[in-house]
Structure formats: C-alpha cells, structure tokens
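Next come the chains, spelled out residue by residue.
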Amino acid sequence: MKLSERLRELRAERNLRLKDVAAIAGISVPYLSDLERGRTNPSLDTLQTLATAYNITVHDLLESVEFYGLNTDGALPKGLADLVADPVLGGQLTPDWVRTLSRIELRGKRPRDKQDWYEIYLHLKRILE
C-alpha cells in the first residue's frame, strides 16, 4: 500500500472529511489532499502531526506502507522474520522470496506465525515451479 492510500484509509476509518483532519492536524486542506493523492511527500514533522491527529504512533501510521528499496529483517512481519531467521527453513528463502512473502496479506491480514508463512511459501513454490 502507498502512503497516500494509507492516509485515505485512516481518514475513512474514522469517518472524517479532509477539512476535519486538516483542522485537527493544523495543516491546509489542499496540502492534505495532495498527500492523499500522492502528489507530494510529507516531512517527518508532518508524519508526526498526522499520527498525533489520528491518535496513533508514526510507526502505526506507516504500518503496511511499502517503500522503495530493500527492507531489513527487522521490518518484516514477526512470523516471517522468525522464518527467515530459522537456520533450516530460512535457508530455503532467497531475497526475492522474502520480498514476495513480505507483501502478502490474506483478506487484509498477515499470516500469524512462522508455520503459516512457511505453508504459504510451499504453496506458492508449488504453483510457480
């Protein structure tokens, strides 16, 4: 998910209008609109301001937002990080597999634990090979 989509999602979840969030956050409606349309990128201060307006942390605001570049193992979902760290099972995963798995959500939720991630990996591997 892109940051712009995440910002729209947070606002929609709370049934707020652009002008409501802009007033709470102390930013302009056009700027917030540009953020939600992906026309501009926020500064760290703006991210903090928006997180505060939604009564969440910046970490929670950025949850499930995809960024360009490589993710570190610390940025992986917990069960997937456990799978990657496993000396036997994790050795089977290439960086491409880890990147692919890290994007998976099932009905808006991520697999719960290492075993769930491993089963998904095996199913996908069977399908793709």
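One structure accompanies this document, and this report is about it. (Residues numbered from 1 in each chain as written. Predicted model: local features only at pLDDT ≥ 70, side-chain atom pairs only at ≥ 80, totals over all residues. Heavy atoms only, no water.)

## Structural notes on unusual backbone geometry
At step 1: Positive phi values are uncommon outside glycine, yet Asn-15 reaches one of about 55°.
At step 2: Structurally, Asn-15 is set in the loop between helix H1 (3–13) and helix H2 (18–25).
At step 3: Since its relative accessible area comes to 69%, Asn-15 is described here as exposed.
At step 4: Unlike most non-glycine residues, Asn-55 shows phi in positive territory, near 60°.
At step 5: The topology assignment puts Asn-55 in the loop between helix H4 (44–53) and helix H5 (58–61). (Helix = DSSP H or I, 4+ residues; strand = E, 2+ residues; numbered from the N terminus. Buried < 20%, exposed > 50% of the residue type's maximum accessible area, 1.4 Å probe, protein only.)

## What to know about the environment of Pro-95
At step 1: Within the secondary structure layout, Pro-95 lies in helix H7 (residues 95–102).
At step 2: You can call Pro-95 exposed: its relative accessible area is 61%.

## Some thoughts on the pattern of salt bridges
Note that side chains of opposite charge can pair when their charged atoms are close.
At step 1: The tally for this structure, following the rule as stated, stands at 8 salt bridges.
At step 2: Residues Glu-36 and Arg-11 are paired through a salt bridge, measuring 2.7 Å at the closest nitrogen-oxygen approach. One end of the pair, Glu-36, is in helix H3 (residues 29–36); the other, Arg-11, is in helix H1, with 25 residues separating them in the sequence. Arg-11 matches Glu-36 in its accessibility class, with the two residues each being buried.
At step 3: For Arg-39, the salt bridge is made with Asp-34, and the minimal N-O distance between the two is 3.6 Å.
At step 4: By relative accessible area, which is 25% here, Asp-34 ends up partly exposed. (Salt bridge = Lys/Arg side-chain N within 4 Å of Asp/Glu carboxyl O.)

## Remarks on the side chain of Glu-36
At step 1: Overall, the relative accessible area of 3% leaves Glu-36 in the buried class.
At step 2: If near-sequence neighbours (up to four positions away) are discounted, Glu-36 is found in contact with Ser-4, Leu-7, Arg-8, Arg-11 and Leu-18. (Contact = heavy atoms within 4.5 Å.)

## Some thoughts on the packing of H2 against H3
At step 1: At a minimum axis distance of 9 Å, the contact between H2 and H3 shows a crossing angle of 110°. The angle between H2 and H3 falls in the class roughly perpendicular. Handedness of the crossing formed by H2 with H3: right-handed. Contacts between H2 and H3 involve Leu-18, Lys-19, Val-21 and Ala-22 from the former and Val-29, Leu-32, Ser-33 and Glu-36 from the latter.
At step 2: Of the residues in the contact of H2 with H3, the class split is 5 nonpolar, 1 polar and 2 charged. (Axes fitted to C-alpha atoms, helices over the stretch in contact; angles between N-to-C directions. Parallel < 35°, antiparallel > 145°, perpendicular 65-115°, else oblique. Left-handed = near helix turned anticlockwise from the far one by under 90°. Nonpolar A, V, L, I, M, F, W, Y, C, P; charged D, E, K, R; others polar.)

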